[in-house]
2 protein chains.
Amino acid sequence: MKKDALDLISSQVVRKTLAQQVEEQIIDLLISNKLKPGDKLPPEMELMELLGVSRPVMREAMTSLESLGIVKRKTRDGTYFTESISNKPFSTMLSLVSDNIEAIVEARTSLELGLVTYAAEKMTDETLEALNDTIIKMENSVDNEYGEHDLMFHRIIALSVNNPVLQGMIDSLLLSHVKINAQIKYREKEKTIRHHKAIYEALKKKDPQAAFQAMYNHLKFVEGKVLE
Amino acid sequence: MKKDALDLISSQVVRKTLAQQVEEQIIDLLISNKLKPGDKLPPEMELMELLGVSRPVMREAMTSLESLGIVKRKTRDGTYFTESISNKPFSTMLSLVSDNIEAIVEARTSLELGLVTYAAEKMTDETLEALNDTIIKMENSVDNEYGEHDLMFHRIIALSVNNPVLQGMIDSLLLSHVKINAQIKYREKEKTIRHHKAIYEALKKKDPQAAFQAMYNHLKFVEGKVLE
DNA sequence: ATTAATCTAATTGTAATACAAATAGAATTA
DNA sequence: TAATTCTATTTGTATTACAATTAGATTAAT
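Residues numbered from 1 in each chain as written. Chains lettered and ligands numbered in written order. Predicted model: local features only at pLDDT ≥ 70, side-chain atom pairs only at ≥ 80, totals over all residues. Heavy atoms only, no water.

- Identification of chain A as GntR family transcriptional regulator from Cytobacillus kochii is taken from an unreviewed UniProt entry.

The following block contains the structure:
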């Protein structure tokens, strides 16, 4: 795409690489509902011709979209829009601050304090049962092998809010948190269970304030353990 | 990089494109502290040779990193790691769910409820003054042109927590929210000011619970306005 | 000496082409 | 009908060439 006199004005305004422009145009296909999540995109060759760019440019755009988790490419098959919001970029960002444990722990706490208030509003019997199940499994666990159920308790709460934006964020944060938790020396199973039960009771009452309070107590305790 | 017999095992394991591998290796430069935010990367040519890949592959990786907001490229100058965590990928993700107003509003509320509790713990006199300033400006505003100060109030709270992870998330969310707010018909300046004052007082007392409660009241009110 | 204008070479940006690798689906065979 | 082989499509990688931009050097003007 050589520059000629006619480009003068527009190129002064946009100041973006072709790859970036292509990236936006592909995203626009989603936003404008021309294509939907899960749909297959035309092959590179067609898109190149359609948008009037070279293959490297098209591939740069596609690779970016893939690293954003917006599309998924399969050799010989094709390129597809992903079904749901990806937490990939989020995880990448978190890996960049993995040394800043305090920031990750705070972010997790912040998000989950908000989440639990919504969870209280939206709580269902099924979710309550699932939560209770994790508590029982924790009680029955031997040694300190209850991390899995601990994590599940929090994920179920996040999931129950049924919000794709929050879901993507908290998933990555909880995952980072697991790694951090692994370094805790003295775990306190009984206290954790007591906290989870308190949260459970507040959610059962569908009381946002109480749920916040219970989660606040719990996460402050976790924070204390994690940050020495 | 042609495949030969020696690659057999490793290539079975990794299953990633070269561009993705290069992307990770560049990121590793940051994680391992070999390079720091703001640092200049070697030119493409050098990196190609260093990592043994072709230019298109290197450029795909770089374009991805740029769309993640991790690097910034300048023609003739070079490529630099960005200084701080970018909210670019969040903004992109949010644009994909821009039709799901409820999800965005909920995410904003969730995050800010958590933020404000930390803000209460960390509150300083300077921040309090800055917050009060926005309230005064709102009171002095004519008509309904107080959106700017309203936004600033919330941004100052977010900023005061001084957490790069949370900062990136809330920035994008508040920006999305501004667009949503613009569609509110009847604005209620007096009530908004009253709410902000209540939040301010709670923060002044450094009382996380009270701050949460005040913010909860405020955001539930905002939610009500936004979601019809 | 200072500023302004010009030049130039380093770096990123775009394109064209060729071939390799993987594999969904068709064709073939058992 | 099921297993196998083939094939052609699509993505993955490499090479080469040139265009566009502009930081910094150079030169010219004041």
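## Re the relation of the copies chain A and chain B
In step 1: Taken as rigid bodies, chain A and chain B are interconverted by a rotation of 180 degrees and an axial shift of 0.0 Å, the fit giving an RMSD of 0.1 Å. When the rotation and shift are considered jointly, the pair of chain copies conforms to a two-fold rotation axis.
In step 2: Interface residue correspondence from chain A to chain B reaches 100%, placing this contact among same-surface, isologous pairings. (Least-squares fit on C-alpha atoms with pLDDT ≥ 70 in both. Contact = heavy atoms within 4.5 Å.)

## Regarding unusual backbone geometry
All names here are of chain A.
In step 1: The backbone phi angle of Asn 33 is positive, close to 65 degrees, even though this residue is not glycine.
In step 2: Mapped onto the elements of the fold, Asn 33 is located in the loop between helix H2 (18–31) and helix H3 (44–51).
In step 3: Exposure remark for Asn 33: the relative accessible area of 56% places this residue in the exposed category.
In step 4: With a phi angle near 55 degrees, Lys 206 is a residue other than glycine that sits in the positive phi range. (Helix = DSSP H or I, 4+ residues; strand = E, 2+ residues; numbered from the N terminus. Buried < 20%, exposed > 50% of the residue type's maximum accessible area, 1.4 Å probe, protein only.)

## Focus: the pattern of salt bridges
In step 1: Tallied over the full model, the rule gives 31 salt bridges over all chains.
In step 2: Note that Glu 44 of chain A is salt-bridged to Arg 73 of chain A, the shortest N-O span being 3.6 Å. One end of the pair, Glu 44 of chain A, is in helix H3; the other, Arg 73 of chain A, is in strand S1 (residues 71–74), and 29 residues separate them in sequence. Both residues of the pair, Glu 44 of chain A and Arg 73 of chain A, count as buried.
In step 3: One network of salt bridges, with partners in common, ties together Glu 44, Arg 55, Arg 59, Glu 66 and Arg 73 of chain A together with Glu 60 of chain B. (Salt bridge = Lys/Arg side-chain N within 4 Å of Asp/Glu carboxyl O.)

## Notes on the environment of Glu 190 of chain B
In step 1: Within the secondary structure layout, Glu 190 of chain B lies in helix H10 (residues 189–204).
In step 2: Along the backbone, Glu 190 of chain B and Val 142 of chain B are 48 residues apart, and their C-alpha atoms lie at a distance of 12 Å.

## Some points on the pairing of strand S1 (residues 71–74) of chain B
Residue and element names in this part refer to chain B.
In step 1: Burial along S1 is one-sided: the face carrying Val 71 and Arg 73 is buried and the face carrying Lys 72 and Lys 74 is not.
In step 2: Across four bridges, S1 lies against strand S2 (residues 78–81) in antiparallel orientation. The residue of S2 that forms the bridge with Lys 72 is Tyr 80.
In step 3: Between S1 and S2, which pair antiparallel one after the other, the connecting turn spans three residues, and Arg 76 there sits at a positive phi close to 70 degrees. (Pairing = 2+ DSSP bridges.)

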